[in-house]
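# Analysis of the macromolecular model
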Amino acid sequence: MAPRLVQPEFSVQRDGERCIACGVCVRQCANQVHSYHPEYEEVRAAAERCVGCHRCAWLCPTGALSIIHTPPTYRHGGHWSSEAISNVYKQADSGGVLLGAMGNSQPVPVYWDHLLLNASQVTNPSIDPLREPMELKTFLGRKPDQVELEMSGPEPSLATTLAPQLELSMPIMFSAMSYGAISYPACKSLAMAARELGTLANSGEGGLHPDFWDFGPSMIVQVASGRFGVTPDYLGAAAAVEIKIGQGAKPGIGGHLPGEKVDDSVSRTRMIPVGSDALSPAPHHDIYSIEDLRQLIYSLKEAVRYRKPISVKIAAVHNVAAIASGIVRAGADIVAIDGYKGGTGAAPAMIRDNVGIPIEFALAAVDDRLRSEGIRNLASVVACGGFRCSADVVKALALGADAVYIGTAALIALGCHMCQQCFTGKCNWGIATQDPYLTRRLNPEIGAQRLYNLLSGWAHEIKEMMGGMGINAVESLRGNRHHLRAWGLSDRELKILGISAVGE
Amino acid sequence: MKIIQAIAQYCMNCRLCEINCMVAHSSSRDIITAFRAERERLTSRVTVEQSGPRTFPVQCRFCQDAPCAVACMTGAITQDPATGWVAHDPDKCVGCWMCVMVCPNGAMARDVGGHVTSKCDLCAALDQPACVAGCPNGALVLAERDEVENA
């Protein structure tokens with residue numbers, strides 16, 4: 001093969017003193033990096049194919065393998081980074097669009113890390129969550145302007161009819177990841193964990209596999225521009241329905257599941273022919289205004305007999321506050337806002353890395369706008385896009401979110417090593433693939449347990465942080481920006497976030 | 001008695017079970033030493049069978065009325081009628097391979113180096129079989145034989 005200008009990104013280092021040529025790496029690498037040469041009784045590596053997923057290093061029984069990130073050592077050019085140069089080489093080779101997956105891979109600021117949480121000292125008592133009740137229960141859905149009680153009976157009762165609510169054991173849900181983009185066992189792990197935890201998973205826009213209908217009460221189902229797998233029964237099976245307008249990783253563009261991933265099972269779930277590309281148009285072709293959105297929201301409300309909340313998910317873009325206001329006025333019970341660090345199975349890298357705004361600002365702006373218009377109670381706000389840990393979640397709640405969606409963190413719990421090659425369909429961890437040789441690698445029993453463990457740990461941490469602030473319920477944390485201070489931000493940024501600087 | 005249950009849908013063809021089996025039955029019990037110094041003498045008692053993308057591990061299922069014990073002409077393979085345990089004594093084995101022929105699971109391995117058969121002993125000397133302990137995906141589990149047969 002003629003030499004290519006693009007240089008390998010990884011070096012596969014095999015310790016000859018430890019390698020026993022057992023071939024585990026050969027059998028596990030879907031990128032065919034490793035190969036066994038019986039004539040020399042040795043295993044060799046073609047590093048140029050390595051994507052840095054670390055599957056081989058994890059399973060090597062003697063620890064003989066190290067995968068070292070070796071970005072090209074072009075002469076340092078400041079403006080012209082090695083990545084920028086490599087991207088030009090790649091496109092000059094292929095003539096195609098640079099593809100990316102998972103979230104924004106650029107070293108952009110993480111505003112969560114500029115926010116600090118409060119704790120009680122002396123004048124207001126902190127609460128020990130191991131001794132005192134600490135409430136993480138969260139209800140999502142439209143709340144009434146006021147509540148009237150019926151006091152005439154022996155016990156007071158609620159006279160106001162409440163809109164349908166989703167009851168979550170904690171303010172964390174699994175974000176939309178479709179069957180097709182991720183594997184059957186990955187979907188099953190998420191659904192099982194959501195049911196066990198008392199929270200919700202999200203089907204994404206790929207329909208709901210018949211095996212997962214039993215998990216319906218623990219699922220939100222999506223209606224997106226492709227309308228894949230949408231039937232009355234599909235809408236009826238779930239706890240809530242989400243209209244997906246946009247996604248943080250790729251605002252303004254549609255989706256494209258390559259035909260190679262559409263096997264018999266995905267085909268039946270999505271209701272499209274085997275092997276055909278599943279194309280989600282960029283816009284919903286029946287939504288060109290807030291009025292059109294209202295029609296779809298109320299069509300879906302009719303379809304579910306007004307028994308389930310309807311969510312609308314948008315990407316965080318420049319006018320997000322005004323858009324969210326329109327969505328609430330259109331009748332949505334939940335508004336989900338996906339920041340520009342949100343993940344995806346495939347997106348043009350230029351869009352993933354350059355379109356949209358950070359969730360921290362979008363969330364603060366939306367919460368402010370809805371409050372100032374007096375409609376904050378009409379919809380719950382769900383934030384998503386790059387939540388890494390429980391502290392990020394607490395900060396989001398304090399900025400104004402009712403709950404958050406986590407996607408990338410959940411996949412990492414399942415084994416994802418963030419190699420960002422989901423679009424190749426060769427996920428060595430059995431997550432973002434439909435190859436039957438690879439999907440077997442994810443045992444949903446193990447996956448669900450790991451997700452359960454992750455969120456149990458986060459729930460403990462959230463209770464500790466809330467207790468430290470002297471708060472005993474997430475209801476009291478939501479939008480409580482007095483518990484946030486920021487460092488290293490400009491006055492303008494502080495104003496938009498609506499929080500004070502450290503020391504103030 | 002408890003036997004090893006193979007859950008085929010979770011077998012991912014890493015074959016760490018084979019490697020761990022060989023190490024557990026080596027004299028050094030050290031993976032690098034075993035593969036360097038004893039490789040010719042090591043036979044895995046578990047074999048991962050493959051058909052296209054589907055793979056599954058096969059080892060002794062400790063059948064009731066084990067055909068291998070019936071077929072063995074030297075008394076090297078015996079079955080305890082009370083527990084169902086199938087034992088193999090390599091000192092009595094003459095390598096006639098009759099057990100290999102009759103095993104319905106293909107679980108008898110030919111130890112070519114010693115010209116005897118070798119079969120799974122559930123790693124009696126360890127807390128749990130090495131293949132079960134080392135399976136990264138829960139494809140091998142210990143389970144009561146009745147549960148496995150009724151599954």
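Residues numbered from 1 in each chain as written. Chains lettered and ligands numbered in written order. Predicted model: local features only at pLDDT ≥ 70, side-chain atom pairs only at ≥ 80, totals over all residues.

## Considerations on the overall build of chain A
On a plain count of helices and strands, chain A comes out with 16 helices and 23 strands. Among the 504 residues that make up chain A, the fraction classed as buried is 49%. Long-range pairs, those at least 24 residues apart, make up 68% of the contacts in chain A between residues at least 6 apart in sequence. (Helix = DSSP H or I, 4+ residues; strand = E, 2+ residues; numbered from the N terminus. Buried ≥ 20, exposed ≤ 12 C-beta atoms within 10 Å, placed from the backbone. Contact = placed C-beta atoms within 7 Å.)

## Details of the sheet that holds strand S21 (residues 403-406) of chain A
Sheets are built from strands paired through backbone hydrogen bonds, the pairs being either parallel or antiparallel. Residue and element names in this part refer to chain A. Ordered by their spatial adjacency, 8 strands build an open sheet running S11-S21-S20-S18-S17-S14-S13-S12, and the pairing between neighbours is parallel. Strands with a single pairing partner mark the edges of an open sheet, and in this sheet they are strand S11 (172-174) and strand S12 (201-202). With 3 bridges connecting them, S11 and S21 associate as parallel partners. Within the sheet, the bridge partner assigned to Ile-172 lies in S21 and is Val-404. (Pairing = 2+ DSSP bridges.)

## Focus: the pairing of strand S13 (residues 219-223) of chain A
If a strand is regular, its side chains alternate between the two faces of the sheet. Residues and elements named next belong to chain A. Among the 5 residues in S13, 5 count as buried, and that is most of the element. Residues of S13 alternate between two faces, with Met-219, Val-221 and Val-223 on one and Ile-220 and Gln-222 on the opposite face, all of them buried. Of the pairings in the sheet, the one linking S12 to S13 comprises 2 bridges and is parallel in character. In the strand pairing of S13, Ala-201 is matched with Met-219. As paired elements, S13 and strand S14 (residues 240-244) share 4 bridges and run parallel to each other. Residue pairing across strands places Gln-222 opposite Glu-242, the latter belonging to S14. Each parallel crossover has a hand, and the one from S13 via helix H5 (residues 232-237) to S14 is right-handed. (Right-handed = clockwise from strand over helix to strand, strands pointing away.)

## Re the sheet that holds strand S6 (residues 115-117) of chain A
Residue and element names in this part refer to chain A. An order of S6-S22-S23 is seen for the 3 strands of this open sheet, with the pairing classed as mixed. Here the strands that pair on one side only, and so sit at the sheet edges, are S6 and strand S23 (500-501). Across 2 bridges, strand S22 (residues 484-486) lies against S23 in parallel orientation. Within S23, the position partnered with Ala-486 by the bridge is Ala-501.

## Let's talk about the packing of helix H4 (residues 184-197) of chain A against helix H14 (residues 444-469) of chain A
All names here are of chain A. Orientation of H4 relative to H14, taken along the N-to-C sense of each, is 45°, at an axis distance of 8 Å. Taken as axis vectors, H4 and H14 run oblique relative to one another. Crossing hand, H4 versus H14: right-handed. Packed against H4, whose contacting residues are Pro-185, Ala-186, Lys-188, Ser-189, Leu-190, Met-192, Ala-193, Glu-196 and Leu-197, the element H14 presents Pro-444, Gly-447, Ala-448, Leu-451, Tyr-452 and Leu-455 at the interface. Here the contact of H4 with H14 is built from residues that sort into 11 nonpolar, 2 polar and 2 charged. (Axes fitted to C-alpha atoms, helices over the stretch in contact; angles between N-to-C directions. Parallel < 35°, antiparallel > 145°, perpendicular 65-115°, else oblique. Left-handed = near helix turned anticlockwise from the far one by under 90°. Nonpolar A, V, L, I, M, F, W, Y, C, P; charged D, E, K, R; others polar.)

## Observations regarding the confidence of the model for chain B
Per-chain confidence: chain B averages 93 in pLDDT, with 99% of residues scoring 70 or above. We note a pTM of 0.95 for the whole complex and an ipTM of 0.93 for its interfaces. (pLDDT = per-residue confidence, 0-100.)

## A few points about the environment of A:Glu42
Residues and elements named next belong to chain A. With respect to the helices and strands, the residue Glu-42 is situated in strand S3 (residues 42-45). Judged by local crowding, Glu-42 falls into the partly exposed class, with 13 C-beta atoms found within 10 Å. Residues Glu-42 and Ala-413, 371 residues apart in the sequence, show an inter-C-alpha distance of 33 Å. The residues contacting Glu-42, other than those within four sequence positions of it, are Ala-21 and His-37.

## Some points on the interface of chain A and chain B
Counting from both sides, the interface comprises 16 residues of chain A and, opposite them, 16 residues of chain B. For the side of chain A that touches chain B, the elements supplying multiple residues, two or more each, are helix H1 (24-28), helix H13 (436-439) and H14 of chain A. Examining the composition of the side of chain A that touches chain B, we find that 3 residues originate from one element, H1(A), more than from any other. Within the side of chain A that touches chain B, the residues separate by chemical class into 8 nonpolar, 3 polar and 5 charged.

## Overview of the nonpolar core
All names here are of chain A. Membership of the largest hydrophobic core comes to 197 residues, with the highest contact counts inside it found for Val-335, Ile-337 and Val-404. The dominant element in this core, judged by the number of residues it contributes, is H14, at 10 residues. Beyond its immediate sequence surroundings of up to four residues, Ile-337 is in contact with Ile-314, Ala-316, Val-320, Ala-324, Ile-359, Ala-362, Leu-363, Val-366, Val-381 and Ala-383. (Core = buried A, V, L, I, M, F, W, Y, C linked by C-beta atoms within 7 Å.)

## Description of the packing of helix H11 (residues 390-399) of chain A against H14(A)
Residues and elements named next belong to chain A. Packing of H11 against H14 brings their axes to within 9 Å, and their N-to-C directions diverge by 50°. When the axes of H11 and H14 are compared, the pair comes out oblique. Regarding H11 and H14, the two cross each other, and that crossing is right-handed. Across the interface between the two elements, Ser-390, Ala-391, Val-393 and Val-394 from H11 touch Trp-458, Glu-461, Ile-462 and Met-465 from H14. Looking at the contact of H11 with H14 residue by residue, the class counts come to 6 nonpolar, 1 polar and 1 charged.

## Side note on the domain arrangement of chain B
As a measure of interface size, the accessible area lost when the parts come together is often cited. All names here are of chain B. For chain B, the assigned domains are domain 1 (1-59 + 122-151) and domain 2 (64-119). Of note, the centres of domain 1 and domain 2, computed from C-alpha atoms alone, are 18 Å apart. On the side of domain 2, 11 residues touch domain 1, which itself brings 10 residues to the contact. Counted by class, the side of domain 1 that touches domain 2 contains 2 nonpolar, 4 polar and 4 charged residues. (Domains from an automatic or database assignment.)

## Regarding H11(A)
All names here are of chain A. Most of H11 is tucked away: 9 of the 10 residues are buried. For H11, every residue scored as buried is listed here: Ser-390, Asp-392, Val-393, Val-394, Lys-395, Ala-396, Leu-397, Ala-398 and Leu-399. Just downstream of H11 lies Gly-400, where phi reads positive at about 135°.

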